[in-house]
Amino acid sequence: MVAGPLALIAEITHRCPLHCVYCSNPLQMASVSSELETEEWTGVFRQAAELGVLHLHLTGGEPLAREDLTEMVKSAHFAGLYTNLITSGLGLTHTRLKALVDAGLDHIQLSFQDSRETAANWIAGTRAHALKVELAPMIRRAGVAFTVNMVVHRQNLDHLEEMIAFAEALQPQRLEIAHAQYYGWALKNRDALIPTRAQLENSVRVVAAAQKRLEGRIRIDAVVPDYYARFPKACMGGWGQRLILIHPSGKALPCHAAEVIPGLCFENVRDRPLQWIWQESDSFQKFRGEAWMPEPCRSCDRRAQDFGGCRCQALLLTGNAAATDPVCSLAPQHFLIEEVLARVNANGAGGSAVQDAALPAEDFWAYRPQPR
Amino acid sequence: MPQPEESSLPRLAAGCRWTGEGEQRTLLFPEGALRLQGTGREILERCDGRHTVLQIVQELQGTFNEADPGKIRSDIFIFIERLRQKGVVSF
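Residues numbered from 1 in each chain as written. Chains lettered and ligands numbered in written order. Predicted model: local features only at pLDDT ≥ 70, side-chain atom pairs only at ≥ 80, totals over all residues.

Engineer: Any chance you could break down the overall build of chain A for me, citing the residues and the numbers?
Structural biologist: Along chain A, the regular secondary structure elements total 14 helices and nine strands. Against the 2.2 N^0.38 benchmark of 21 Å for 372 residues, chain A shows a C-alpha radius of gyration of 20 Å, consistent with a compact globule. When burial is assessed residue by residue, chain A has 49% of its 372 residues classed as buried. (Helix = DSSP H or I, 4+ residues; strand = E, 2+ residues; numbered from the N terminus. Rg over C-alpha atoms; globule rule 2.2 N^0.38 Å. Buried ≥ 20, exposed ≤ 12 C-beta atoms within 10 Å, placed from the backbone.)

Written out as structure tokens, the structure reads:
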């Protein structure tokens, strides 16, 4: 019997007032009419807690776009889950925040696109930055854990120190500095997001220095871009091992991007109990364990550490979801990554456009639209 | 950063809370969980904003009266400082 998941990621809607160019939502977004009802989410949370889930991450889209969010938090808390709201902040008011905290919300993770307003709004495709800045003190006083999340990439890495100083002034307990991951919209915009090698190396130094300086005050967790790593990331802690993601329409996925994998049928919580989906469904068993692994993974010493990397990334880059993740330096198709990196690092290829006097026009990016 | 002192009142940091009972008793916090047994749990259970570090030391010296009281004291100071570094306890 496989152990239950530890965390549930609930994408409760794909609606979002922001249009971030690195959004991890799929290119095909869930329509509003397909979204699960409040009671259906309540059932999912109860089943998740029974399966052993400890943490619930409410995300989207923008979860605040759901008017029944407080009710959902209440039911998750009642089920015993530790509840985290991953939000842009848009739609949060003092009254709503108080209701969420009273309902049992434990943690708020507020995202910022940049430290500079114009650049932040350029990435988000909307004027959101100033509102977010206003929210931080309110969240800090609300008695919940407070994390600031900043996605970093080629366009903002040249002023990472300034971004960390900006985040520090917001006084969170925790700061996440996450390099964009190239799925969904970020893959569409990949070549403008991938940092140069020099930027990456500098960012590692800057983060290490900040971690030391802020030790005991703000914990900094950093996510590095796997394109530059020697070995792949242990995506989701292994397929069907630790996490389960529920799509707005109720489809259960082992990973954010799993829908891109052809030939897999993802079961819906409307039709099947969560426990059955986790333990029995074909989609969760497909890449669980080691039986599916090709060489060089199958005989690799690291196979129980990184599980062959990310299945969705393998599919997106090689066309085969069962291939070794090409970011791995041992992968037969690692040349695909080397080609991208060669292009990004060619002839002193420019760094950040944010340093320039004028930002490139909006058609520089493919912005994430609103779902129907 | 101040180290814990005898008069410090350690408490769980915002967003950290207990769940479950008995062996299942678990401390939950952002992106993590701790299931502690033995003295670790005895200490953390007393990080409630009402016990000073000195009171925690004295209570544990009383409970574990066969162990070296000096070692209990230094272990508690180290453990509480570690929990603070982890963002689980503040004082």
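Engineer: Provide a residue-level description of the pairing of strand β5 (residues 145–152) of chain A, including the pertinent values.
Structural biologist: Residues and elements named next belong to chain A. Burial of β5 is extensive: eight of the eight residues sit out of reach of the surface. Side chains of β5 alternate between two faces, with Ala145, Thr147, Asn149 and Val151 and Phe146, Val148, Met150 and Val152 buried alike. Direction of pairing for strand β4 (residues 107–112) relative to β5: parallel, over a ladder of six bridges. For Ile108, the partnering residue across the bridge sits in β5 and is Phe146. The sheet contact formed by β5 and strand β6 (residues 174–179) spans six bridges and is parallel. Bridge pairing in β6 links Met150 to Ile177. For the handedness criterion, the β-α-β arrangement of β5, helix α6 (residues 160–169) and β6 is classed as right-handed. (Pairing = 2+ DSSP bridges. Right-handed = clockwise from strand over helix to strand, strands pointing away.)

Engineer: Tell me about the sheet that holds strand β7 (residues 219–223) of chain A, and please be specific about residues and values.
Structural biologist: Residues and elements named next belong to chain A. With mixed pairing, nine strands are arranged side by side in an open sheet as β7-β6-β5-β4-β3-β2-β1-β8-β9. Either end of the sheet is taken by a strand with one partner, and the two such strands are β7 and β9 (252–253). In this structure, strand β3 (residues 82–87) lies alongside β4, joined through four bridges in parallel fashion. Across the sheet, the residue bridging to Leu85 is Ile108, located in β4.

Engineer: Go over the packing of helix α2 (residues 53–63) of chain B against helix α3 (residues 69–85) of chain B, please, and point to the residues and values.
Structural biologist: All names here are of chain B. Running from amino to carboxyl end, α2 crosses α3 at an angle of 135 degrees, the nearest separation of the two axes being 10 Å. The orientation of α2 relative to α3 falls into the category oblique. Seen along the crossing, α2 lies across α3 with a hand that is right-handed. Where α2 approaches α3, its residues Val53, Ile56, Val57, Leu60 and Gln61 are matched on the opposing element by Pro69, Ile72, Arg73, Ile76 and Ile80. Of the residues assigned to the contact of α2 with α3, the class counts are eight nonpolar, one polar and one charged. (Axes fitted to C-alpha atoms, helices over the stretch in contact; angles between N-to-C directions. Parallel < 35°, antiparallel > 145°, perpendicular 65-115°, else oblique. Left-handed = near helix turned anticlockwise from the far one by under 90°. Contact = placed C-beta atoms within 7 Å. Nonpolar A, V, L, I, M, F, W, Y, C, P; charged D, E, K, R; others polar.)

Engineer: How would you explain the pairing of strand β2 (residues 55–59) of chain A if you had to name every residue and give the values?
Structural biologist: Residues and elements named next belong to chain A. Most of β2 is tucked away, with five of its five residues classed as buried. With five bridges connecting them, strand β1 (residues 7–11) and β2 associate as parallel partners. Following the sheet pairing, Ala7 is matched in β2 by His55. For the crossover that starts at β1, traverses helix α1 (residues 38–51) and ends in the parallel β2, the hand is right-handed. Where the polypeptide runs from β2 across helix α2 (residues 69–79) and back to β3, its parallel neighbour, the crossover connection is right-handed.

Engineer: Pulling in residues and values, what's your account of the environment of Arg11(B)?
Structural biologist: Residue and element names in this part refer to chain B. Structurally, Arg11 is set in strand β1 (residues 11–12). Since 15 C-beta atoms lie within 10 Å of it, Arg11 is described here as partly exposed. Ignoring anything within four residues of it in the chain, the contact list for Arg11 reads Cys47, Asp48, Gly49, Val89, Ser90 and Phe91.

Engineer: Give a description of the interface of chain B and chain A that names residues and reports values.
Structural biologist: Taken together, the contact pairs 13 residues of chain B with 16 residues of chain A. Of all the secondary-structure elements, those providing two or more residues to the side of chain B that touches chain A are β2 (17–19), β3 (26–29) and α3 of chain B. For the side of chain B that touches chain A, a count of residues per class yields seven nonpolar, four polar and two charged.

Engineer: Break down the nonpolar core for me, with residues and values.
Structural biologist: Within soluble globular proteins, side chains that are nonpolar generally end up buried alongside one another. Formed by 127 residues in total, the largest nonpolar core has its most connected members in Leu8(A), Tyr22(A), Leu56(A) and Cys312(A). Sequence-distant contacts of Leu56(A), that is, excluding residues within four places in its chain, are made with Leu8(A), Ala10(A), Phe45(A), Ala76(A), Leu81(A), Tyr82(A), Thr83(A) and Asn84(A). (Core = buried A, V, L, I, M, F, W, Y, C linked by C-beta atoms within 7 Å.)

Engineer: Could you give me a rundown of unusual backbone geometry, with the residues and numbers involved?
Structural biologist: Residue and element names in this part refer to chain A. The step from Gly60 to Gly61 runs through a cis peptide bond, and the omega angle for that step is 10 degrees. With respect to the helices and strands, the residue Gly61 is situated in the loop between β2 and α2. Residue Pro296 is reached from Glu295 by a cis peptide bond, and omega for that bond is 5 degrees. Looking at the secondary structure, you find Pro296 in the loop between α11 (282–285) and α12 (303–306).

Engineer: Any chance you could break down the packing of helix α1 (residues 38–45) of chain B against α3(B) for me, citing the residues and the numbers?
Structural biologist: All names here are of chain B. Following both chains from N to C, one finds α1 and α3 inclined at 70 degrees, their axes separated by 11 Å at the closest point. With respect to each other, α1 and α3 are oriented roughly perpendicular. In the crossing of α1 with α3, the sense of the turn from one axis to the other is right-handed. Of α3, the residues touching α1 (which contributes Gly40, Ile43 and Leu44) are Ile76, Phe79, Ile80 and Leu83.

Engineer: I'd like a rundown of the environment of Ala222(A), residues and numbers included.
Structural biologist: Residues and elements named next belong to chain A. Looking at where Ala222 falls in the secondary structure, it is placed in strand β7. For the pair Ala222 and Gly89, spaced 133 residues apart in the sequence, the C-alpha separation amounts to 22 Å. Excluding anything up to four places from it in sequence, Ala222 contacts Ile177 and Val207.

Engineer: Explain α3(B) to me, and be specific about the residues and the numbers.
Structural biologist: All names here are of chain B. Look at α3: 25 Å from first C-alpha to last across 17 residues, which is about the 24 Å you get at 1.5 Å a residue. Those residues of α3 not exposed but buried are Ile72, Ile76, Ile80, Leu83 and Arg84. Taken end-on, α3 shows its buried residues confined to a sector of 100 degrees, consistent with a single buried face. The exposed set on the far side of α3, more than 90 degrees from its buried face, consists of Gly70, Lys71, Ser74, Ile78 and Arg82. Contacts from the buried residues of α3 go to α1, α2 and β5 (89–90). (Expected span 1.5 Å × (residues − 1). Arc of directions from axis to C-beta.)

Engineer: Tell me about the environment of Val133(A), residues and numbers included.
Structural biologist: Residue and element names in this part refer to chain A. If you trace the backbone, Val133 turns up in helix α5 (residues 129–140). According to the C-beta neighbour criterion, Val133 is partly exposed, with 18 such atoms within 10 Å. Once the C-alpha coordinates of Val133 and Val101 are considered, the two residues, 32 residues apart in sequence, prove to be 20 Å apart.

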